Amino acid sequence: ASRLTHSMDLRTMTQSLVTLAEDNMAYFSSQGPGETARRLSGVFAGIREQALGLEPALGRLLSVAHLFDLDAETPANGYRSLVHTARCCLAHLLHKSRYVASNRRSIFFRTSHNLAELEAYLVALTQLRALAYYAQGLLATNQPGGLFFEGDDGLIAEFLREYVTLHKGCFYGRCLGFQFTPAIRPFLQTISIGLVSFGEHYKRNETGLGVTASSLFTSGRFAIDPELRGAEFERIIQNLDVHFWKSFWNITEIEVLSSLANMTSATVRVSRLLSLPPEAFEMPLTADPKFTVTISPPLAHSGPGPVLVRLISYDLREGQDSEELSNLVKSEGPRSLELRPRPQQAPRAQSLVVHIHGGGFVAQTSKSHEPYLKSWAQELGVPILSIDYSLAPEAPFPRALEECFYAYCWAVKHCALLGSTGERICLAGDSAGGNLCFTVSLRAAAYGVRVPDGIMAAYPATMLQSTASPSRLLSIMDPLLPLSVLTKCVSAYAGGETEDPSNSDQKALGMMGLVRRDTA
């Protein structure tokens with residue numbers, strides 16, 4: 001199927017699929033009045049109808065997609081992604097239709113299995129056709145060349161009402177990850193099984209039932225029943241609150257899992273948790289170093305408090321074993337790594353990386369990101385300072401920004417203690433951490449202090465308004481961060497209070513309210 005995606009143009013793929021669907025439909029229609037034959041004939045009729053209806057819509061999107069590229073060398077945007085995703089679904093159906101046409105007379109033909117897969121992908125194709133329809137609506141209402149809708153709130157509300165009625169479970173069951181390369185699908189299936197199993201246990205613990213043999217049996221069913229798994233996945237992302245996602249994403253913080261991850265990661269000389277005291281200090285202004293500005297400790301919501309950071313260095317460098325730095329070390333219990341005496345220290349590195357972890361503003365710490373940070377420290381040959389900022393909803397905006405800015409300024413001022421000369425300082429972060437990298441840099445510029453020499457932001461959260469866009473249409477099938485989950489995280493970070501309505505319709509409208517809330 002993946003080869004078909006790259007080797008056939010859209011029209012040829014559609015025509016081939018329609019021809020095969022008609023052939024299979026005619027064959028199964030001639031097999032008598034049996035229920036299975038009737039369903040197979042019906043599913044191929046549906047595939048034919050949806051493919052014929054989808055092809056012109058995708059063609060129109062593809063004809064204007066180049067207008068939204070960053071430049072000629074970067075042919076990528078949400079419209080292209082939507083077309084590519086639909087092509088992946090068509091290619092899979094074409095591959096399966098060919099298989100059915102070649103093997104339908106064989107005694108080894110698995111009728112039930114193939115029927116279930118065809119029906120699942122037909123539902124997915126139907127939803128993709130709806131998404132293509134919404135994308136055409138965005139093209140009609142947006143400013144020319146604009147990816148993001150700006151304007152009538154009524155149109156945004158209409159989009160959200162339609163979004164919550166779309167069937168999302170089909171993308172999380174048998175069709176999970178069809179738009180990705182085959183190598184990544186087993187990983188996504190493992191994540192989805194783990195998520196729904198964790199959700200089952202979380203629900204039982206919330207009701208006081210605890211984990212029982214029957215609940216474990218139910219969780220096992222998710223591994224072998226993709227339809228059940230998809231329905232449960234949809235229920236979880238639609239209904240469970242931000243505390244569930246905080247708990248799920250923090251699984252990697254469990255001592256056993258973090259220890260296993262560290263056993264397989266690079267061995268470093270320094271990995272120390274530091275506690276920066278909440279004391280104001282002066283920073284020179286970039287425009288005129290004779291003048292300074294006061295950097296105050298974080299104050300929002302909970303008042304002054306220490307900021308935790310983790311120093312990681314592959315080599316023991318000058319300054320890293322100083323008494324001044326040792327006085328800031330915070331014990332991590334038996335896991336704490338002690339520095340062993342070493343006859344010779346490495347000189348200070350010219351560069352320093354200040355890292356801000358992701359986790360939707362609500363979860364994770366530097367500990368769960370430590371394995372790859374160790375690899376960075378080894379490959380880059382520079383010390384890395386990872387910031388453990390306070391998390392929402394207990395500490396909403398701007399607490400995390402205040403803490404990250406304070407830690408960044410402290411690192412710039414005390415880079416010699418961290419094993420760096422500070423000639424080059426780079427901010428790095430993923431997702432929510434990418435957002436904080438940008439906002440820390442903006443605040444540094446506003447204060448007039450040194451801004452970072454570079455920012456490495458991986459899939460950063462930069463558009464927090466409730467603006468419709470083609471990529472947000474695709475979030476309906478995102479296996480890691482669907483739109484409803486994103487809105488709960490952003491609302492928690494913005495300090496929004498959420499209600500817990502009793503029925504599913506109210507919960508859907510509640511999610512819509514979260515998306516509509518102005519969190520800019």
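As annotated in an unreviewed UniProt entry, the protein is Hormone-sensitive lipase from Mustela putorius furo. Entered under Subunit (unreviewed entry) in the UniProt record, the comment concerning the protein runs "Monomer and homodimer. Interacts with CAVIN1 in the adipocyte cytoplasm. Interacts with PLIN5." What UniProt records for the protein under Sequence similarities (unreviewed entry) is the sentence "Belongs to the 'GDXG' lipolytic enzyme family."

### Thoughts on the overall build of the protein
When its secondary structure is counted, the protein shows 18 helices and 8 strands. Across the 520 residues that make up the protein, the buried fraction comes to 50%. Carbon and sulfur atoms make up 56% of the accessible area of the protein, which amounts to about 24000 Å² in all.

### Concerning the UniProt feature "active site" (unreviewed entry) in the protein
Per the UniProt entry, the sites bearing "active site" (unreviewed entry) are Ser-431 in this numbering. Tracing the backbone through its elements, the reader meets Ser-431 in the loop between strand E7 (420-430) and helix H15 (432-447).

### Details of the sheet that holds strand E5 (residues 349-356)
Where strands meet in a sheet, backbone hydrogen bonds hold them as pairs that are either parallel or antiparallel. Ordered in space as E1-E4-E6-E5-E7-E8, the 6 strands form an open sheet in which the pairing is mixed. Strands with a single pairing partner mark the edges of an open sheet, and in this sheet they are strand E1 (270-276) and strand E8 (454-458). Within this sheet the neighbouring strands show an average axis-to-axis angle of 25°, counted without direction. Alignment of E7 against E8, held across 5 bridges, turns out to be parallel. The residue bridging Ala-428 from the neighbouring strand is Met-456, located in E8. Strands E1, strand E4 (307-313), E5, strand E6 (384-388), E7 and E8 of the sheet are contacted by helix H13 (residues 366-380), whose axis makes an angle of about 35° with E4.

### Here we look at the nonpolar core
Trp-245, Ile-356, Ile-387, Tyr-389, Tyr-408, Leu-418 and Leu-436 are the most contacted members of the largest nonpolar core, which totals 66 residues. Looking at which element gives the most residues to this core, the answer is helix H14 (residues 399-413), with 11 residues. Here this core spans two domains, since at least three of its residues come from each of domain 2 (152-240 + 476-497) and domain 3 (266-330 + 343-458). In contact with Ile-356, not counting residues within four places along its chain, are Ile-387, Tyr-389, Cys-404, Leu-427, Ala-428, Gly-429, Asp-430, Gly-433, Leu-436, Cys-437 and Val-440. Residues Val-18, Phe-68, Ala-124 and Phe-171 belong to the second largest nonpolar core, which totals 60 residues.

### So, the environment of Pro-460
You can see Pro-460 is positioned in the loop between E8 and helix H16 (470-474). With 27 residues separating them along the chain, Pro-460 and Gly-433 place their C-alpha atoms 7.1 Å apart. If we ignore the near neighbours within four places in the chain, the residues touching Pro-460 are Ser-431, Gly-434, Asn-435 and Phe-438.

### Let's talk about the packing of helix H4 (residues 78-103) against helix H5 (residues 111-141)
Two quantities define a packed helix pair, namely the angle between the helix axes and the distance between the axes. With their axes 10 Å apart at the nearest point, H4 and H5 run at an angle of 155° to one another. When the interaxial angle is binned, H4 and H5 end up roughly antiparallel. Our pair here, H4 against H5, has a crossing hand that is left-handed. Here Tyr-79, Leu-82, Thr-85, Ala-86, Cys-89, Leu-90, His-92, Leu-93, Lys-96, Tyr-99 and Val-100 of H4 lie close against H5, whose contacting residues are Asn-114, Glu-117, Leu-118, Tyr-121, Ala-124, Leu-125, Leu-128, Leu-131, Ala-132, Ala-135, Leu-138 and Leu-139. Of the residues belonging to the contact of H4 with H5, the class tally is 18 nonpolar, 3 polar and 2 charged.

### Observations regarding unusual backbone geometry
For the bond from Ala-392 to Pro-393, the omega torsion is 0°, close enough to zero to count as cis. Its place among the elements puts Pro-393 in the loop between E6 and H14. With an omega of 5°, the peptide bond running from Phe-397 to Pro-398 counts as cis. As for its position among the elements, Pro-398 is in the loop between E6 and H14. Within the chain, His-301 stands out as a residue other than glycine whose phi angle is a positive 70°. Within the secondary structure, His-301 sits in the loop between strand E3 (292-295) and E4.

### Digging into the packing of aromatic side chains
In the structure shown here, the tally under the stated rule is 21 aromatic pairs. Ring centres of Phe-281 and Tyr-406 lie 5.4 Å apart, and the angle between their planes is 55°; on these two criteria the pair is classed as tilted. Residue Phe-281 is found in strand E2 (residues 281-284), and its partner Tyr-406 is found in helix H14; the two are separated by 125 residues along the sequence. For the pair shown, Phe-281 and Tyr-406 are each scored as buried. Geometrically, the ring pair formed by Phe-405 and Tyr-447 is tilted, given 4.9 Å between the ring centres and 55° between the ring planes. Taken as a pair, Phe-405 in helix H14 and Tyr-447 in helix H15 lie far apart in primary sequence, 42 residues in all. Since its relative accessible area comes to 34%, Tyr-447 is described here as partly exposed. Three or more aromatic residues joined by ring pairs make a cluster, and in this case those are Phe-198, Tyr-202, Phe-244, Trp-245, Phe-248 and Trp-249.

### Some details on the side chain of His-357
Checked against the element boundaries, His-357 lands in the loop between E5 and H13. Side-chain polar atoms of His-357 contact the backbone oxygen of Gln-364, separated by 3.4 Å. Beyond its immediate sequence surroundings of up to four residues, His-357 is in contact with Ala-363, Gln-364, Thr-365, Ser-366, His-369, Ile-387, Asp-388, Tyr-389, Leu-391, Asp-430, Ala-432 and Gly-433.

### Remarks on the pattern of salt bridges
Pairs can form between side chains of opposite charge once their charged atoms are near each other. Considering all chains together, one arrives at 16 salt bridges under this definition. A salt bridge links Arg-317 to Asp-315, with the nearest nitrogen and oxygen atoms 3.9 Å apart. Looking at Arg-317, the relative accessible area reads 10%, which means it is buried. In this structure, the salt-bridge partner of Glu-370 is Lys-374, at a minimum N-O distance of 3.8 Å. In this pair, Glu-370 and Lys-374 both sit in helix H13, 4 residues apart, roughly one turn of the helix. For the pair Glu-370 and Lys-374, one class covers both residues: buried.

### Brief notes about the pairing of E4
In terms of burial, E4 is a largely internal element, 6 of the 7 residues being buried. In terms of strand pairing, E1 meets E4 through 7 bridges, oriented antiparallel. Bridging across to E4, Ser-271 finds its partner in Ile-312.

Rules and cut-offs
- What you see as residue numbers is a count from 1 along each chain, following the sequence as written.
- Whole-chain, interface and lining totals are the exception, using all residues; otherwise, since this is a predicted model, local features are given only for residues with pLDDT of at least 70 and side-chain atom pairs are given and counted only at 80 or more.
- Values reported for side chains reflect all heavy atoms of the structure, with hydrogen atoms and water molecules removed beforehand.
- UniProt positions are given in the numbering used here, feature names are shortened, and annotations may be inferred rather than shown by experiment.
- A run of DSSP states H or I qualifies as a helix once it reaches four residues; a run of E qualifies as a strand once it reaches two. Both are numbered from the N-terminal end.
- Partly exposed describes any residue whose relative accessible area lies between the buried limit of under 20% and the exposed limit of over 50%, with all areas from a 1.4 Å probe on protein chains only and scaled to the type maximum.
- A 1.4 Å probe and the Shrake-Rupley method give the accessible areas. Residues count as covered only by the protein chains that appear here.
- By this definition, two strands are paired if DSSP reports at least two bridges between them.
- To get an axis, fit a line to the C-alpha atoms, keeping to the stretch in contact for a helix; angles then go from 0 to 180 degrees between the N-to-C directions.
- Residues are treated as being in contact if the distance between any of their heavy atoms lies within 4.5 Å.
- Nonpolar core, defined: a set of buried Ala, Val, Leu, Ile, Met, Phe, Trp, Tyr and Cys residues in which side-chain atoms within 4.5 Å join the residues together.
- Just so you know, the domain bounds were taken from an automatic or database domain assignment.
- Each angle receives one of four descriptions, namely roughly parallel if under 35 degrees, roughly antiparallel if over 145, roughly perpendicular if within 65 to 115, and oblique otherwise.
- Crossing handedness is defined as follows: a turn of the near helix away from the far one that is anticlockwise and smaller than a right angle gives a left-handed crossing, while the clockwise case is right-handed.
- Charged means Asp, Glu, Lys or Arg here, nonpolar means Ala, Val, Leu, Ile, Met, Phe, Trp, Tyr, Cys or Pro, and polar covers whatever is left, Gly included.
- Two rings from Phe, Tyr or Trp (for Trp, the six-membered ring) form a pair when their centres sit within 6.5 Å of each other. Planes less than 30 degrees apart are called stacked, planes more than 60 degrees apart edge-to-face, and all others tilted.
- The definition of a polar contact used here is a pair of N or O atoms within 3.5 Å, where within protein one atom must be able to donate a hydrogen and the other to accept one, and adjacent residues in sequence count solely through side-chain atom pairs.
- One speaks of a salt bridge when a side-chain nitrogen belonging to Lys or Arg is within 4 Å of a carboxyl oxygen belonging to Asp or Glu.

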